[in-house]
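Residues per chain, in single letters:
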Amino acid sequence: MKSLRPLLLVLAGLLLFTGPATATEHLKMSTTTSTQDSGLLPVLLPAFEKKCNCKVDVIAVGTGQALKLGEAGDVDVVFVHARKLEDKFVADGFGVNRRDVMYNDFVIIGPTNDPAGIARAKTAAEALKLIAARQATFISRGDRSGTNIKEKELWKAAGIEPKGSWYVEAGQGMGPVITMATERQAYTLADRGTYNAYKGQKTDLTILFQGEKGLFNPYGIIAVNPKRFPYVKYDLAMKLIDFVTGPEGQKIIAGYKAHGEPVFFIYRK
Amino acid sequence: MDFIAESWRTALALIIALNRDVFTAVGTSLAVSLWSTLLAALLGVPLGIGVGIATFPGKRVVVTLLNTLMALPTVVIGLLGYGMLSRQGPLGGFGLLFTPTAMVIGQTALAIPIVANYTVGAIAGADARIIATARTLGAGPVHCLGQLVKEVRFGIMAAIIAGFGRVIAEVGVAMMLGGNIRGYTRTMTTAIALETSKGEFAFGLALGIILMAAALAVNLGLNALQQR
């Protein structure tokens, strides 16, 4: 064992330096990938963390999974975009105090030469019909995220059940899907925030369809119900909710720009 | 090839500029990996020695089981750990999911079979006469064991190094149990996965270079100790 002793000493020394961090209060927030990938959270959260002397632990997954984490009580607050699911989450008793935070909209992006000619479409459903008719490659999030749920709604409205080799279910976040669509020169449904953050250097795809009412994309924040899960940090969650919906947070959201363009919009009060 | 060359330049610039996020991730990776390697050594080495020297019916089965566990995909450990540590799971009361502690638990589970298995191998490769010789020289059981361990210490060291290699490089457990939280549970590997998914290839490459350098440094250190 003698020769192992120095090794153990070195290990012990390293561990002393790298032991558990200080005891700042941690708030766990599950959220959709778009709030993180668009670059909003890295500017919004530090302001709150400084003010409250706490740390917000962001778990960025699809909206579906973000809500599931809330239903399991594994997080203290959820910040997502799928209004119907959010209302169900509250109605089922998992969350309380849902508040509107901001909105943007969905856009259909694709290769500049627009092989399916969707730029001429009048509705989003019509655009999808053209893509399906041409069997042009379409990348779907396929991960039950807010964007994926919206996409499925649109296919339903178009009366099409998408399948075939042209319909690719990626099972990944918005960013990776935009990257994949760029590599494959395919169409996809994206939220404007993430697209704006990727536009230029990371993707050469362009917005081919936008502006329909059905593509409106509101974001909500919900505290996980402390009656159901007594250990959640409800007070801190409410402080965060008050911050992002209050004047200071709203100003940061409205002022946040990617490539010179606003990414999210706030509600006029 | 411009893309790769440009990425290398950017990556090196990021390293030289000592990007804070990069080094936080390095620190988290090293801390979590060293803790789990230490725990895996404390549990896996005795287990390996025990299985290695004992003779009992079903020993073959135990060895096969250890071999199989060694090949267990990290995402499976991540999945099982998730089920245990989620608030819905049996250990949910501790609120450990998405903390560094959860990552240490998962990675320890990942490393134990490797450390144990390599230790079994080292014992099997040792001269079988050690114990008999020691005994004829009048040594008690504890002394015999000490002689044996001394004989196979390089093998045990190799076992621990292999365990460390496995945990520092893995991404499944770190992602699923840690949640990839910036500045808290984000490791080198989960950061690389994230940066690539964000299309930040150069940033991912910078992290990859540092990860290899860190792994190399730790292995060189352990090797130096082994030579003594």
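Reading the values: the criteria
Residues numbered from 1 in each chain as written. Chains lettered and ligands numbered in written order. Predicted model: local features only at pLDDT ≥ 70, side-chain atom pairs only at ≥ 80, totals over all residues. Heavy atoms only, no water. UniProt positions renumbered as here; feature names shortened; annotations may be inferred. Contact = heavy atoms within 4.5 Å. Buried area = accessible area lost by both parts, 1.4 Å probe. Salt bridge = Lys/Arg side-chain N within 4 Å of Asp/Glu carboxyl O. Polar contact = N/O pair within 3.5 Å; in protein donor to acceptor, adjacent residues only side chain to side chain. Helix = DSSP H or I, 4+ residues; strand = E, 2+ residues; numbered from the N terminus. Core = buried A, V, L, I, M, F, W, Y, C linked by side-chain atoms within 4.5 Å. Buried < 20%, exposed > 50% of the residue type's maximum accessible area, 1.4 Å probe, protein only. Axes fitted to C-alpha atoms, helices over the stretch in contact; angles between N-to-C directions. Parallel < 35°, antiparallel > 145°, perpendicular 65-115°, else oblique. Left-handed = near helix turned anticlockwise from the far one by under 90°. Nonpolar A, V, L, I, M, F, W, Y, C, P; charged D, E, K, R; others polar.

With an unreviewed UniProt entry as reference, chain B is termed ABC transporter permease, source organism Geotalea uraniireducens. UniProt annotates chain B under Subcellular location (unreviewed entry) with the comment "Cell membrane".

As annotated in an unreviewed UniProt entry, chain A carries the name Tungsten ABC transporter substrate-binding protein and is attributed to Geotalea uraniireducens.

Here we take up the interface of chain B and chain A. Each partner contributes to the interface: chain B provides 31 residues, whereas chain A provides 30 residues. Summed over both sides, the interface of chain B with chain A buries roughly 2,700 Å², with 66% coming from carbon and sulfur. Linking chain B to chain A there are one salt bridge. Of the charged contacts, one joins Glu200 of chain B and Lys202 of chain A as a salt bridge, the two residues approaching to 3.0 Å between their closest N and O atoms. On inspection of chain B and its partner chain A, the count reaches four residue pairs in polar contact (both at pLDDT 80 or more). Elements that contribute at least two residues to the side of chain B that touches chain A include exactly α2 (20-53), α8 (153-169), α10 (188-197) and α11 (201-227) of chain B.

Judged by nonpolar contacts, the single largest core of 44 residues is most densely connected at Met29, Val77, Phe79, Met102, Ile221 and Leu240 of chain A. Element by element, the count of residues in this core is highest for helix α10 (residues 234-245) of chain A, at seven residues. If we ignore the near neighbours within four places in the chain, the residues touching Leu240 of chain A are Leu27, Met29, Leu45, Phe48, Val77 and Ile221 of chain A. Listed in part, the 43 residues of the second largest apolar core include Phe94 of chain A together with Ala40, Val45 and Leu177 of chain B.

The residues that UniProt annotates with the feature "domain: ABC transmembrane type-1" (unreviewed entry) are residues 26-222 of chain B. Secondary structure across residues 26-222 of chain B divides into 78% helix and 0% strand, with the first and last C-alpha atoms of the span separated by 18 Å.

Turning to the environment of Ala132 of chain B, a few remarks are in order. Tracing the backbone through its elements, the reader meets Ala132 of chain B in helix α6 (residues 129-136). The spacing of Ala132 of chain B and Cys144 of chain B is 12 residues in sequence and 8.5 Å in space, taken between C-alpha atoms.

Here we come to the side chain of Thr99 of chain B. Summarising the element assignment, Thr99 of chain B is placed in the loop between α4 (74-85) and α5 (100-125). Assessed through its relative accessible area of 9%, Thr99 of chain B is described here as buried. Those residues in contact with Thr99 of chain B that sit more than four places away from it in its chain are Lys28 of chain A together with Leu177, Tyr184 and Thr185 of chain B.

Here the focus is the packing of helix α3 (residues 59-70) of chain B against α5 of chain B. A pair of packed helices can be characterised by two numbers: the angle between their axes and the separation between those axes. Residues and elements named next belong to chain B. Direction vectors running N to C along α3 and α5 enclose 135°, while the axes themselves pass 8 Å from each other. With respect to α5, the axis of α3 lies oblique. As α3 packs across α5, the resulting crossing turns out to be left-handed. Contacts from Leu66, Asn67, Leu69 and Met70 in α3 reach Pro113, Ile114, Ala116, Asn117, Tyr118 and Val120 in α5. Here the contact of α3 with α5 is built from residues that sort into eight nonpolar, two polar and no charged.

A separate point is the environment of Ser145 of chain A. Positionally, Ser145 of chain A belongs in the loop between β5 (138-140) and α7 (146-158). Expressed as a C-alpha distance, the spacing of Ser145 of chain A and Ala66 of chain A, which sit 79 residues apart in the sequence, is 8.7 Å.

This brings us to the side chain of Thr194 of chain A. Residues and elements named next belong to chain A. Position of Thr194 among the secondary structure elements: in helix α9 (residues 192-198). Overall, the relative accessible area of 0% leaves Thr194 in the buried class. For Thr194, the residues in contact, after removing those within four places along its chain, are Ser34, Asp37, Ser38, Met174, Gly175 and Ile178.

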